[in-house]
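Structural description and commentary
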Amino acid sequence: MFQVWEDAVGVSLAGAKVYAYGLAVALGCLGCMALLISLGRLKKLKPGTVPLTGVLGLVCGFVLSRLLFCLLDGALGSPLPLLAASWRLSAGGYSMMGALIGACLGAWAAATIQKEEPARVLDCLAPSLMLLVLGARLGERYIEDFGISRVLVGDFLPHTFLAVQGAYDSYLATYLLEAATAVVLCLVLVLDIKKQRRAGNTFLLALLLFGATQVIWESLRFDQHMRISFVSLQQIMAMMLVAAALIVLARRRWQTRHALAVTALVMIPAAVGLGVALEFAIDRTTVSRYLLYAIFVLVMAAPVAVGCKLRKE
C-alpha cells in the first residue's frame, strides 16, 4: 500500500524522505485549517463545529478525490479492479475537484451534526479551501509533465517565468496561474465574508468565481489528467459548480428579478455550448489560441456577472 516511488521528487523532513508534492499539499491543508479557525471565530460558529468540519472535510475530501480519479481517469485500469486500485494510496492519482467537493460535503455533515446552519459553515470553508488549492498547485511543479499546457506558440511567453522548458518545446506553467488565482480568490472571499452578507452568499460567490476560472485553466492544462479526448472531466465539474450557483440564485430571485433569473438559466446551456465549440476550435483548428481564449474568458465572464447581480440583496 505504501510503496515509495524513488523517481518522485522528495525532501528530507525530520530525517525522513517525503514526497515534495505531498508536503506542499499538507502545508495547504494546514493553511486551510488555520483560516477556517479564524473565520469560524469571526462568524461565531458553535463550539466544536470547526474541528469537526476539519476532520470530516479531510476524510470526505480524500475519499472522494481518490474515488473520482479511479472511476474517471482510467490510468489504473478498467473499473473492475477499482477496489484494489483504490487502496494503492502511494501510487498517486487524485482529483482536485473531488477533494473540494468532498470537503464541502464533510462541512455539510459537520454542520448537521452540530445543528449549525450549513450555509454559515460553507461560507467559512470557501476561502479556506483556496489555501489548499494554493498548496496543491505549487506542489505540481515537482511532478514531471503535470499542470502544463499544450506547446506554446509565438515568441513572448516561452521567454517568461510562466514557461516550462521541455527537451524541444516550451509549455505554459498553468499551475502557477491556478496558484495565483487561488490567492486572489481567497482574498476576495475573505473580504466578502466580513461584510456580513446573507448566509451562503460567500459560498455561492466561490462557486461562481472558482468554477469559471477553473473552466479556463482546465482548458489550458494538457497533461492528460482525467481527460477524454480533448475534454477535461474536471473542466466539466467546474462548469457544474457555476451552473449550481446560478440555479440556486435564479430560484432565490425568481419572483423579484424574474427576467434576470431566466437569463441566468439560459446562460448555462449557452455557456456550455459555446465552451464545447471553443474547445473544439482550440484543439482542431489553426485559429489563434490567444484569440480563442480571449473569447472563452468573455463567455465565462457573462454568467458570472449575471450571478453576481442576482446575489445582491
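Rules of the game
Residues numbered from 1 in each chain as written. Predicted model: local features only at pLDDT ≥ 70, side-chain atom pairs only at ≥ 80, totals over all residues. Heavy atoms only, no water. Helix = DSSP H or I, 4+ residues; strand = E, 2+ residues; numbered from the N terminus. Buried < 20%, exposed > 50% of the residue type's maximum accessible area, 1.4 Å probe, protein only. Areas by Shrake-Rupley, 256 points an atom, 1.4 Å probe, with all protein chains shown as cover. Phe/Tyr/Trp six-rings, centres within 6.5 Å; stacked < 30°, edge-to-face > 60°. Lys NZ or Arg CZ within 6 Å of the ring centre and 35° of its normal. Pairing = 2+ DSSP bridges. Axes fitted to C-alpha atoms, helices over the stretch in contact; angles between N-to-C directions. Parallel < 35°, antiparallel > 145°, perpendicular 65-115°, else oblique. Contact = heavy atoms within 4.5 Å. Nonpolar A, V, L, I, M, F, W, Y, C, P; charged D, E, K, R; others polar. Patch = residues over 30% accessible without salt bridge, like charges linked within 9 Å, V, L, I, M, F, W, Y side chains within 5 Å. Salt bridge = Lys/Arg side-chain N within 4 Å of Asp/Glu carboxyl O. Expected span 1.5 Å × (residues − 1). pLDDT = per-residue confidence, 0-100.

**Examining the overall build of the protein chain**
Helix and strand counts for the protein chain come out as 10 helices and 7 strands. Considering the protein chain as a whole, with its 313 residues, one finds that 48% of them fall into the buried category. Per element, the accessible surface of the protein chain, about 15,800 Å² overall, is 70% carbon and sulfur.

**Considering the packing of aromatic side chains**
In the structure shown here, the tally under the stated rule is 1 aromatic pair. For the pair Tyr 293 and Phe 296, a centre-to-centre distance of 6.4 Å together with 15° between the ring planes defines the contact as stacked. In this pair, Tyr 293 and Phe 296 both sit in helix α10 (residues 289–311), 3 residues apart, roughly one turn of the helix. The class of Tyr 293 is buried, set by a relative accessible area of 12%. Taking relative accessible area as the criterion, Phe 296 reaches 2% and is therefore assigned buried. Between the NZ or CZ atom of Arg 141 and the centre of the ring of Tyr 142, over which it lies, the distance is 5.7 Å. The ring of Phe 146 carries Arg 221 above its face, with NZ or CZ at 5.1 Å from the centroid.

**Side note on the environment of Arg 251**
Residue placement: Arg 251 occurs in helix α8 (residues 233–252). The spatial distance from the C-alpha of Arg 251 to the C-alpha of Leu 265 is 9.6 Å, given a sequence separation of 14 residues.

**Notes on the pairing of strand β5 (residues 170–173)**
Where strand β3 (residues 148–151) meets β5, 2 bridges bridge the pair, whose relative direction is antiparallel. Bridging across to β5, Val 151 finds its partner in Tyr 171. Of the strand pairs in this sheet, strand β4 (residues 163–165) and β5 are connected by 3 bridges, and their pairing is antiparallel. Along β5, the bridge assignment pairs Ala 163 with Leu 172.

**Notes on the packing of helix α6 (residues 174–193) against helix α7 (residues 201–220)**
Contact geometry of α6 with α7 gives a least axis separation of 10 Å together with a crossing angle of 170°. Taken as axis vectors, α6 and α7 run roughly antiparallel relative to one another. Between α6, through Thr 174, Leu 177, Glu 178, Thr 181, Leu 185, Val 188, Leu 189, Asp 192 and Ile 193, and α7, the contact on the second element is made entirely by Asn 201, Thr 202, Leu 205, Ala 206, Leu 209, Phe 210, Thr 213, Gln 214, Trp 217 and Leu 220. For the contact of α6 with α7, the per-class residue count stands at 11 nonpolar, 6 polar and 2 charged.

**Some words on the environment of Leu 64**
Structurally, the position occupied by Leu 64 is in helix α2 (residues 49–72). On a C-alpha basis, the gap between Leu 64 and Gly 102 in space is 5.5 Å, while along the polypeptide they are 38 residues apart. Other than its neighbours up to four places away in sequence, Leu 64 contacts Gly 98, Ile 101, Gly 102 and Leu 105.

**Considerations on a nonpolar patch on the surface**
A cluster of nonpolar side chains, namely Ile 247, Trp 254, Val 262, Leu 265 and Val 266, defines an oily patch on the protein surface of about 390 Å² accessible area. Taking the relative accessible area as the measure of exposure, Ile 247 reaches 45% and is therefore partly exposed.

**A short note on the sheet that holds β3**
What the 3 strands build is an open sheet, ordered β3-β5-β4; its pairing is antiparallel. Looking at strand neighbours, the two that pair on one side only are β3 and β4, the edges of this open sheet. Strand-to-strand twist across the sheet, computed as the mean angle between neighbouring axes with direction ignored, equals 35°. Packed on one face of the sheet, α6 meets β3, β4 and β5 and runs near 15° to β5.

**Description of α7**
Look at α7: 29 Å from first C-alpha to last across 20 residues, which is about the 28 Å you get at 1.5 Å a residue. In terms of burial, α7 is largely enclosed, as 19 of its 20 residues are buried.

**Quick word on the confidence of the model for the protein chain**
The predicted model of the protein chain has a mean per-residue pLDDT of 86, with 88% of residues at 70 or higher. Ranking the elements of the protein chain by mean pLDDT puts helix α3 (residues 82–86) last, at 52, and α6 first, at 95.

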